[in-house]
Amino acid sequence: MMVDPTLAEMGKNLNEAMKILEDGRKASDPDADRRQFSRSSIPGPLQGDGQDVASILQLVQNLMHEDEEEDKPSHRRMQNVGEQGHMALLGHSLAAYISVLDRERLRKLITRIASDTTLWLCRLFRYESGSAYYHEDDREGLLKVCRLVINTRYEDYSTEGYTVLNSRQPVIYQSATCRPGLGQHLCSQLGLPLSSLCTVPCNTMFGSQHQMDIALLDKLIREDVETGKLPLLLIANAGTPGAGHTDKLGRLKELCEQYGMWLHIEGVNLATLALGEVSSPVTAATRSDSMTLTLGPWLGLPAVPAVTLYRHEDPALSLAAGLTSSQPVEKLRALPLWLSLQYLGHDGIVEKIRHAVELSQQLLEKLKTLASIKTSVEDELNSPVVVFRFSQETSAESSGGSVEGYFAGEREVLDSLNRWLCERLAQLVPASGVDIVELEDEGTCVRFTPLMTAAALGTQRCDVDLLVERLTELVPVLNCTLRLRLDFREEVYRHSALSYIEDLSWPGLGAVRYEPRIEELNDSKRQLEVEKINSELLVKLGDLDADLIFSTGLEFGPEKDCIFIGMATEDLDVAELVDTIAALGRDIEENGRLLENMTEVVRKGIQEAELQLQKDNQDKLMEEGVLRQIPLVGSVLNWFSPFQSTVKGRTFNLAAGSLDSTEPIYSMKAQTGGLASPETPTSSAKRLPGQRLFRREGAGGSDSHSETSSVGQAEDLSRERFPQPTTPNPPSPVPDEAVSVAPESPETPQVPAEPEPTQENGEVGTQEGEEEERRPEGQEAPVEETGR
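Only a predicted model underlies this, so the values are computations on that prediction, with no experimental measurement involved.

Enquirer: Sorry, what's going on with the overall build of the protein chain here?
Expert: A count of helical and extended segments in the protein chain gives 25 helices and 21 strands. Looking at the 788 residues of the protein chain, the share that counts as buried comes to 45%. Looking at the protein chain alone, contacts between residues at least 24 apart form 72% of all its contacts between residues at least 6 apart. Accessible surface for the protein chain amounts to roughly 41400 Å². Of this, 52% is attributable to carbon and sulfur atoms.

In structure tokens form, the structure reads like this:
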């Protein structure tokens, strides 16, 4: 068999390129890629001799993983590019190679590729006698179809242009559940006013609330016809972008035939047309005038175009609308899809779609057994989209009363909880592909669409089981948080120093702010003080490790300088939690106030101590007399007639900021042998022995997981933050004397000296001179002689 060497080399290079890009970083030198990337990422002139393919691919690989951190696990959904994906990528390379062939060979080849792909798709999705248009933007096919309908309904449009539209204004009808911005995009590209777009509401009384109201549509069309407008096209859904519901396509087709309108259908449920058993609402899509298929997500094929199948008998009008092209290169868009469909085969395509539908049915069956979970599914037997949300238990009660009639804004709270639920499920089970969807009636929901994600993420039945398991674990947390939010608010109102912050978008227990009790500060200084105290309080609460998450809230939230408490468990003691927040905040406020006033207190204390020393020296001079102050005479006089001074020392209490006499200290020391530090205003509240951190006693039993998760660490940390008072060891006589303030000795100059602060047992003491009773100098000589 003859093989084109260029094709063989292309396939080889593609395999090598994919291997380089998928292998990741080199195991031998993890920093080599980073160094090379740091050099290659700097913009500069092109190298004169160029670079080899391996270096360029390595640069591409580094650019792809530029933002990834090695020390943090990534929850990003990376598409699983299998062999069928390699075929799609090969198609783009082949398209570039085929475009350089001679014109005749190129024409034959692209005709074969386009005809084969169109035939396979029409047979696969039961769309007989159809043509295909391949496009990158999934809205482009509908836009070309609108041009086709305008050329068909307005015969002079090709010659007179938009002036013919003034006679009868065209009207495009779409459902209220269509993709956001789709109608506006069509009017912008077609040059039509927004008045040419009519949005049809959904059912309000009968049928699904996500289906188009056919009776109202009929009324709107009749009104437009009576006012001289031309009903042009109707956009229907076979699987709405939000809930995956299908409009009544059969009835809509009849209505379109009645008024001569074009029916276009799009949606994820069109994929089920490839299955043997198809629900009747979706089967009616085969009678539509056109429909758009997005095969890339359905089959896990990267970079393949979307396809719009349509029926029209006039090739000239199709060419004028842009649905067909005379340029051979544009027809090569079907090449990646042509290769991938051949690789998968009919059975492989059907199996991928059936696997996705079975995953939806598996999840739906399991969700029926879960309490507090409500599903929104149109057809429980064949729906490939499952939408569910957490809903409160109306029968559950908290200590504050029933959850029913919870509070104003309950809808917003449930939306925030469901948003948190979806984010947690996406992190815990990334292969599930769940995402958030906002529905008008239901609110925020979790959506599971395996037809759009399973092929790319490789979702299996075990992933669905894991998803249900994680959901079962998270539902009790949601119920407890919802019940305890009211209790938390009431407890915060009991503390005057705390302010409850109403933030309905926060998925957690609630938010609180500590308000300092400072009235003399202006608004700006008070705001800085509030920010400082709450920042320190957040750090202290985060160190408690009490199975609660404390944060500053949402990144772009309206409330600042607050403490947001995350999700709660059943055994949470809300009263203890709020009391602890208030106590820690008060602790931080008092400590900050003490530190701010410390400099002034110490300065005033030193000045007062100097005055006391001068006064004591003067009193001592008056008691001893003038003769005792003369050095030689005073020593002899003290030898013959010792004098007992009545002047006592002083102690400086930092906490109280006052000078006290040392007499009570010496008298107490003689009785107890030590002195316990006085309790300061900054002491925190003492915790009872054995009391668990933020846990109600007896909640859930002693063997429950909630009580044993982190109680030990919480108790150890609580002892550090709330120390128990202890009695210090009896101090030695020398340190005790060192904290006293005494008058100067007669043998030293009477110069007042600043007291040297030394902290012992919570006090600062000063001393001047030596001992109060000294021996005369004549007594020292016999001691020295005896020693010799």
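Enquirer: I'm lost on the packing of helix 6 (residues 140-153) against helix 8 (residues 182-190) in this one. Help?
Expert: Helix-helix packing: each pair is described by the crossing angle between the helix axes and the interaxial distance. The interhelical angle for the contact between helix 6 and helix 8, taken along N-to-C directions, is 55 degrees, at an axis separation of 10 Å. Taken together, the axes of helix 6 and helix 8 are oblique relative to one another. The hand of the helix 6/helix 8 crossing is right-handed. Residues L142, L143, C146, R147 and I150 of helix 6 form the contact with helix 8, whose own contacting residues are L182, L186, Q189 and L190. A breakdown of the residues in the contact of helix 6 with helix 8 according to their chemical character gives seven nonpolar, one polar and one charged.

Enquirer: Explain the sheet that holds strand 5 (residues 262-266) here, please?
Expert: Note: strands within a sheet are paired through backbone hydrogen bonds, in either parallel or antiparallel orientation. Read from one edge to the other, the open sheet built from seven strands follows the order 1-7-6-5-4-2-3, with strand pairing classed as mixed. Taken across any chain shown, the strands that pair with only one partner, and hence form the sheet edges, are strand 1 (131-135) and strand 3 (197-200). Neighbouring strand axes in the sheet, compared pairwise and without regard to direction, differ in orientation by 20 degrees on average. In this structure, strand 2 (residues 170-175) lies alongside strand 4 (residues 230-237), joined through five bridges in parallel fashion.

Enquirer: Would you mind going over the pairing of strand 9 (residues 386-390) with me for this structure?
Expert: Every other side chain in a regular strand lies on the same face of the sheet, so the side chains alternate between the two faces. Burial analysis of strand 9 places five of its five residues in the buried class, which makes it a mostly covered element. Neither face of strand 9 is left uncovered, since the one carrying V386, F388 and F390 and the one carrying V387 and R389 both have all their residues buried. With three bridges joining them, strand 8 (residues 373-375) and strand 9 adopt antiparallel strand pairing. Considered in strand 9, the bridge of I373 is made with F390. Examined bridge by bridge, strand 9 and strand 13 (residues 443-448) share three bridges and lie antiparallel to one another. Among the inter-strand pairings, V386 is bridged to a residue of strand 13, identified as F448.

Enquirer: Is there a simple way to think about unusual backbone geometry in this case?
Expert: Most peptide bonds adopt trans geometry, and most residues besides glycine take a negative phi value. Backbone geometry places R126, a non-glycine residue, at a positive phi of 60 degrees. Along the chain, R126 turns up in the loop between helix 5 (103-124) and strand 1. Its relative accessible area of 35% is what places R126 among the partly exposed residues. The residue A303 is not glycine, and still its phi comes out positive at about 60 degrees.

Enquirer: Looking at this model, I keep getting lost on the environment of H245. Mind explaining?
Expert: Relative to the elements of secondary structure, H245 occurs in the loop between strand 4 and helix 10 (249-259). Judged by relative accessible area, H245 falls into the buried class, the value being 5%. Here the alpha-carbon distance between H245 and S208, two residues 37 residues apart in the chain, equals 7.9 Å.

Enquirer: What is the right way to read the pairing of strand 2 from this model?
Expert: The buried fraction of strand 2 is high, at six of six residues. Side chains P170, I172 and Q174 project from strand 2 onto one buried face, and the interleaved V171, Y173 and S175 project onto a second face that is buried too. In terms of strand pairing, strand 2 meets strand 3 through four bridges, oriented parallel. Following the sheet pairing, Q174 is matched in strand 3 by T199.

Enquirer: In this structure, what is going on with the state of the cysteines? I would like to understand it.
Expert: Note on terminology: a disulfide is the covalent bond linking the sulfur atoms of two cysteines. In the structure shown here, the tally under the stated rule is zero disulfides. Not engaged in a disulfide, the cysteine C187 finds its nearest cysteine sulfur in C146; these two sulfurs lie 8.7 Å apart. In this structure C445 is a free cysteine whose sulfur lies 10.0 Å from that of C422, the closest cysteine sulfur available.

Enquirer: Can you walk me through the sheet that holds strand 13 in this structure?
Expert: A sheet is described by the order of its strands in space; here four strands give the open sequence 8-9-13-12, paired in antiparallel fashion. The outermost strands of the open sheet, each flanked by one partner alone, are strand 8 and strand 12 (435-439). In this sheet, neighbouring strand axes are inclined to one another by 40 degrees on average, regardless of whether the strands run parallel or antiparallel. Bridge analysis of strand 12 against strand 13 gives five bridges, and the strand direction is antiparallel. Counterpart to E438 in the pairing with strand 13 is T444.

Thresholds applied
Residues numbered from 1 in each chain as written. Predicted model: local features only at pLDDT ≥ 70, side-chain atom pairs only at ≥ 80, totals over all residues. Heavy atoms only, no water. Helix = DSSP H or I, 4+ residues; strand = E, 2+ residues; numbered from the N terminus. Buried < 20%, exposed > 50% of the residue type's maximum accessible area, 1.4 Å probe, protein only. Contact = heavy atoms within 4.5 Å. Areas by Shrake-Rupley, 256 points an atom, 1.4 Å probe, with all protein chains shown as cover. Axes fitted to C-alpha atoms, helices over the stretch in contact; angles between N-to-C directions. Parallel < 35°, antiparallel > 145°, perpendicular 65-115°, else oblique. Left-handed = near helix turned anticlockwise from the far one by under 90°. Nonpolar A, V, L, I, M, F, W, Y, C, P; charged D, E, K, R; others polar. Pairing = 2+ DSSP bridges. Disulfide = S-S within 2.5 Å.

Take it as geometry only, folks, not as evidence of what the structure does.
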